[in-house]
Amino acid sequence: MESVKDSSSEPDEEGSEKIVCRCEEVTEGEIRESIRTYKLDTVAEVKRATRAGMGLCQGRSCEISIKRILSEETRRDISEISADSVRPPTIPVETGVIADVIRGGGGNEED
Amino acid sequence: MKKTEVLIVGGGIIGSSIAYYLSKHGVEVTVVEKGKLLGGASGANQGGIPVSLFEPPLLDLVRESRKLYDGLSQELGEDLGFDETGLLLIVLDKDQESLLNQFGKRLEQRGLGAESLSSNELQAESLLADNVKAAVKTSADASVDPFKVGFGLISQAKANGATFLKDTEVKDVIMSGRKVTQVKTTRETLQLNYLVNAAGARSKSIGDMVGLDIPVKPRRGQILVTEPTPRAKYRYLMDFDYIATALGNGDKEEKSRRMKLGVASSLIQEPSSNWTIGASRDFAGFNKKTTRETLGYLADRATKFLPDFENCNIIRSYAGLRPYCHVDGKPILGRIEELDNFFIATGHAGEGITLAPITGKLLAREIVSGRKAKLLDSFRYSRFESE
Ligand SMILES: Cc1cc2nc3c(=O)[nH]c(=O)nc-3n(C[C@H](O)[C@H](O)[C@H](O)COP(=O)(O)OP(=O)(O)OC[C@H]3O[C@@H](n4cnc5c(N)ncnc54)[C@H](O)[C@@H]3O)c2cc1C
């Protein structure tokens, strides 16, 4: 049986207090711990488990660091770790702009 | 061949909750998930815990689940982002005002707190549009961070010895008389004593493997996420139209395109202070894509209640598939009479986060004790057989 409770969040290695995701203030240590506890192997899972990459920039600045940590933890080459799927918009867009699709004359189904 | 006492199909919030409560009873359990844990509807929702919207007997179940949430952060040793914010039910249409007030009265009769905001109070609320004609504030409703709940349940279940197999799909079962004895997965075949179908929008396909026709299909919902904004006084707002679109009886309004797409605002400010703008309801098979038109209606409708959203940035959008019972919209829970060791926990529709704790607790109890839980009696599979 795994001892989840014992994998403490104490910094136990170099860099573990380093902030990886600035928007959501997630540290490298938290990401490594989640990867080990839940056996995560994709960027999407790390986002869900830690909120890293869920903030304003949507991982544009930290996704590469998350990939590096994943590749170290799961002992795979970084090229084997795929990017998270894109959840539009790719850059922040005002709510009003999204609403314009249906304002003034009926909307039409796209995507 | 590996053997497990209870095999749960589906690593969403429902499967995870059942695994947690079983592991608390010391039962050995294996969760088999075809994709990633919490990668289905349980990872694509708003984390609302609406209580005031329901009628008995579903209300009874919801209330019990809501009570379990009170102690869950402490029990799981994790801050679940539980926010006892209450709900602000809002209407734009003058002719819906009396309906809303009736609704508020009924809540009070049921012992659920509700009060109407006076027009002064409405005007003082600078976030709300001047067009908002009336509002009722309820007290029983809350919200939660659904990932924190899901991962909290998973990590405690694991600490209690539960096994979670991801990227592993259940393909078929082997029966011996009325008993399921083995489950074939894409990785290995597992022996089991009890099987639980918690496969969400796909739970029909697991039923098909044992000859049960489970009337569940996916009902798509789409959501927008804003950038963080200052903490609001009312953090859970609901369009009164939601009651028509989500809980049926939307017949006359179905005429508008928005209502056809099932768009009514449910607005929740998350612990991170981002807002989720939900939600829509339509049937599109297993298509999990967002559409520009539905997102457009979601955005437009939200700005009618909260005009400041107009210039607020959207950072993300996503869609999820609710497990929806197309006979009566209600969950399907408990032991199946036709078989000796098959349990079901699905059809939670737009209430799976709300109902996860009570579902886990009562399913675990039925499996462990062999006795039926009374609270589940209105939600059994047997209700479809008389039809
Ligand atoms: C847009 C939207 C907003 C929502 N908002 C709320 C809300 O505010 N409050 C609330 O309470 N609820 C809400 N819900 C509803 C809630 O998300 C669902 O009811 C709940 O997540 C259902 O959980 P589940 O575990 O049954 O399903 P899922 O999370 O979908 O899990 C089922 C799992 O089973 C797996 N599976 C399927 N077939 C197999 C197989 N053959 N082998 C192995 N695994 C399999 C799937 O991969 C999936 O991971 C919302 C839903 C949506 C879509």
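If you're wondering where the values come from, they're calculated on a predicted model, not measured in any experiment. (Residues numbered from 1 in each chain as written. Chains lettered and ligands numbered in written order. Predicted model: local features only at pLDDT ≥ 70, side-chain atom pairs only at ≥ 80, totals over all residues. Heavy atoms only, no water.)

### Quick look at the overall build of chain A
- A tally of helices and strands in chain A yields 4 helices and 3 strands.
- Secondary structure elements of chain A occur, N-terminal to C-terminal, as β-β-α-α-α-β-α.
- Within chain A, buried positions represent 42% of all 111 residues.
- Across chain A, every contact between residues at least 6 apart in sequence was considered, and the portion connecting residues at least 24 apart equals 52%.
- Put simply, chain A shows about 6200 Å² of open surface, and 48% of that area lies on carbon and sulfur atoms. (Helix = DSSP H or I, 4+ residues; strand = E, 2+ residues; numbered from the N terminus. Buried < 20%, exposed > 50% of the residue type's maximum accessible area, 1.4 Å probe, protein only. Contact = heavy atoms within 4.5 Å. Areas by Shrake-Rupley, 256 points an atom, 1.4 Å probe, with all protein chains shown as cover.)

### Observations concerning the environment of Arg-380 of chain B
All names here are of chain B.
- Residue placement: Arg-380 occurs in the segment after α10 (352–369).
- Look past the residues within four positions of Arg-380 in its chain and what remains in contact with it is Ile-332, Leu-333, Gly-334, Arg-335, Glu-366, Lys-372 and Ala-373.
- Engagement of the side chain of Arg-380 in a polar contact is seen with the side chain of Asp-377, the distance being 2.9 Å. (Polar contact = N/O pair within 3.5 Å; in protein donor to acceptor, adjacent residues only side chain to side chain.)

### Re the pattern of salt bridges
- The tally for this structure, following the rule as stated, stands at 43 salt bridges over all chains.
- With its nearest N and O atoms 3.4 Å apart, the salt bridge here joins Lys-2 of chain B to Glu-188 of chain B. In this pair, Lys-2 of chain B is assigned in strand β1 (residues 2–9) and Glu-188 of chain B in the loop between β10 (179–185) and β11 (189–197), connecting sequence segments 186 residues apart.
- One salt-bridge network, held together by shared partners, links Lys-18, Glu-28, Arg-32, Arg-36, Arg-68, Glu-72 and Glu-73 of chain A. (Salt bridge = Lys/Arg side-chain N within 4 Å of Asp/Glu carboxyl O.)

### Quick look at the site of the ligand
Residue and element names in this part refer to chain B.
- The environment of the ligand is formed by 37 residues, the closest being Glu-33, Ser-42, Gly-48, Ala-349 and Thr-354.
- One of the side-chain nitrogen or oxygen atoms of Glu-33 is found 2.6 Å away from an oxygen atom of the ligand.
- Within the backbone of Gly-350, a nitrogen or oxygen atom sits 2.9 Å from a nitrogen atom of the ligand.
- Protein contacts shield 95% of the accessible area of the ligand, which totals 1000 Å² for the unbound molecule.
- Of all the elements in the fold, those that place two or more residues in the shell around the ligand are α1 (13–24), β12 (216–226), β16 (313–325) and α10.
- Looking at the shell around the ligand residue by residue, the classes come out as 14 nonpolar, 17 polar and 6 charged. (Near = heavy atom within 4 Å. Nonpolar A, V, L, I, M, F, W, Y, C, P; charged D, E, K, R; others polar.)

### Points about the interface of chain B and chain A
- If you look at the interface, chain B gives 42 residues, while chain A gives 37 residues.
- With both sides pooled, the region where chain B packs onto chain A buries about 3600 Å², and carbon together with sulfur makes up 54% of that total.
- Here chain B and chain A share 6 salt bridges between them.
- Measuring nitrogen to oxygen at the nearest pair gives 2.7 Å for the salt bridge that ties Asp-300 of chain B to Arg-103 of chain A. (Buried area = accessible area lost by both parts, 1.4 Å probe.)

### Topic: the domain arrangement of chain B
Residue and element names in this part refer to chain B.
- Considered domain by domain, chain B is made up of domain 1 (2–46 + 147–215 + 328–384) and domain 2 (88–140 + 217–325).
- The straight-line distance from the C-alpha centre of domain 1 to that of domain 2 is 31 Å.
- Listed by partner, the interface residues are 20 residues for domain 1 and 19 residues for domain 2.
- Summed over both sides, the interface between domain 1 and domain 2 buries roughly 1500 Å², with carbon and sulfur atoms accounting for 59% of that surface.
- Looking only at domain 1, the three residues that lose the most surface to domain 2 are Ala-44, Gln-46 and Ala-201, adding up to 43% of its buried area.
- Counting the contacts that link domain 1 with domain 2 gives 0 salt bridges.
- Taken together, domain 1 and domain 2 are joined by 6 residue pairs in polar contact (both at pLDDT 80 or more).
- Split into classes, the residues belonging to the side of domain 1 that touches domain 2 amount to 7 nonpolar, 9 polar and 4 charged. (Domains from an automatic or database assignment.)

### Quick look at unusual backbone geometry
- Note that the residue after Pro-88 of chain A, namely Pro-89 of chain A, is joined by a cis bond; omega there is 0°.
- Of note, the bond from Pro-56 of chain B into Pro-57 of chain B is cis; its omega dihedral lies within 30 degrees of zero at 5°.
- One can find Pro-57 of chain B in the loop between β3 (48–49) and α2 (58–76).
- In this structure, Glu-25 of chain A is a non-glycine residue whose phi angle is positive, near 50°.
- Inspection of the secondary structure puts Glu-25 of chain A in the loop between β1 (19–21) and β2 (26–27).
- Among the residues examined, Glu-25 of chain A registers a relative accessible area of 59% and is labelled exposed.
- Of note in the backbone geometry, Arg-51 of chain A takes a positive phi value of approximately 75° without being a glycine.

### Some details on the sheet that holds strand β13 (residues 236–239) of chain B
- An order of β3(A)-β16(B)-β12(B)-β15(B)-β14(B)-β13(B)-β4(B)-β6(B)-β5(B) is seen for the 9 strands of this open sheet, with the pairing classed as mixed. Edge strands, defined here as strands with exactly one partner in the open sheet, are β3 (93–94) of chain A together with β5 (114–116) of chain B.
- Here 2 bridges tie β3 of chain A to β16 of chain B, and the two strands are oriented antiparallel to one another. Bridge pairing in β16 of chain B links Val-93 of chain A to Ile-314 of chain B.
- Sheet strands in contact with helix α3 (residues 97–109) of chain B are β4 (88–91), β5 and β6 (134–138) of chain B, and its direction is about 15° off that of β6 of chain B.
- Taken strand by strand, helix α9 (residues 292–305) of chain B contacts β4, β12, β13, β14 (266–269), β15 (275–278) and β16 of chain B, and its axis lies near 55° from that of β12 of chain B. (Pairing = 2+ DSSP bridges. Axes fitted to C-alpha atoms, helices over the stretch in contact; angles between N-to-C directions.)

### Quick notes on the nonpolar core
- Ile-31 and Ile-66 of chain A together with Ile-8, Leu-22, Leu-53, Leu-61 and Leu-89 of chain B are the most contacted members of the largest nonpolar core, which totals 88 residues.
- Composition of this core by domain shows at least three residues from each of domain 1 (2–46 + 147–215 + 328–384) and domain 2 (88–140 + 217–325) of chain B.
- Once you skip the residues sitting within four places of it in the chain, Leu-89 of chain B turns out to touch Leu-53, Leu-100, Phe-103, Ala-134, Ala-135, Val-136, Thr-138, Met-238, Phe-240 and Ile-243 of chain B.
- Membership of the second largest hydrophobic core comes to 31 residues, among which are Ile-102 of chain A together with Leu-117, Ala-232 and Trp-275 of chain B. (Core = buried A, V, L, I, M, F, W, Y, C linked by side-chain atoms within 4.5 Å.)

### Some thoughts on α9 of chain B
- For α9 of chain B, with 14 residues, the first-to-last C-alpha span of 21 Å sits near the 20 Å given by 1.5 Å per residue.
- Turning to α9 of chain B, its buried residues are Glu-293, Thr-294, Leu-295, Gly-296, Tyr-297, Leu-298, Ala-299, Asp-300, Arg-301, Ala-302, Thr-303 and Phe-305 of chain B. (Expected span 1.5 Å × (residues − 1).)

### A look at the pairing of β13 of chain B
All names here are of chain B.
- Every second residue of β13 is oriented toward a common face, with Tyr-236 and Met-238 on one face and Leu-237 and Asp-239 on the other, all of them buried.
- For β4 and β13, the ladder comprises 3 bridges, and the chain directions are parallel. Looking across to β13, one finds that Leu-89 is bridged to Met-238.
- Strand direction decides the pairing type here: β13 and β14, joined by 3 bridges, are antiparallel. Each residue of the ladder has a partner; that of Tyr-236, found in β14, is Ile-268.

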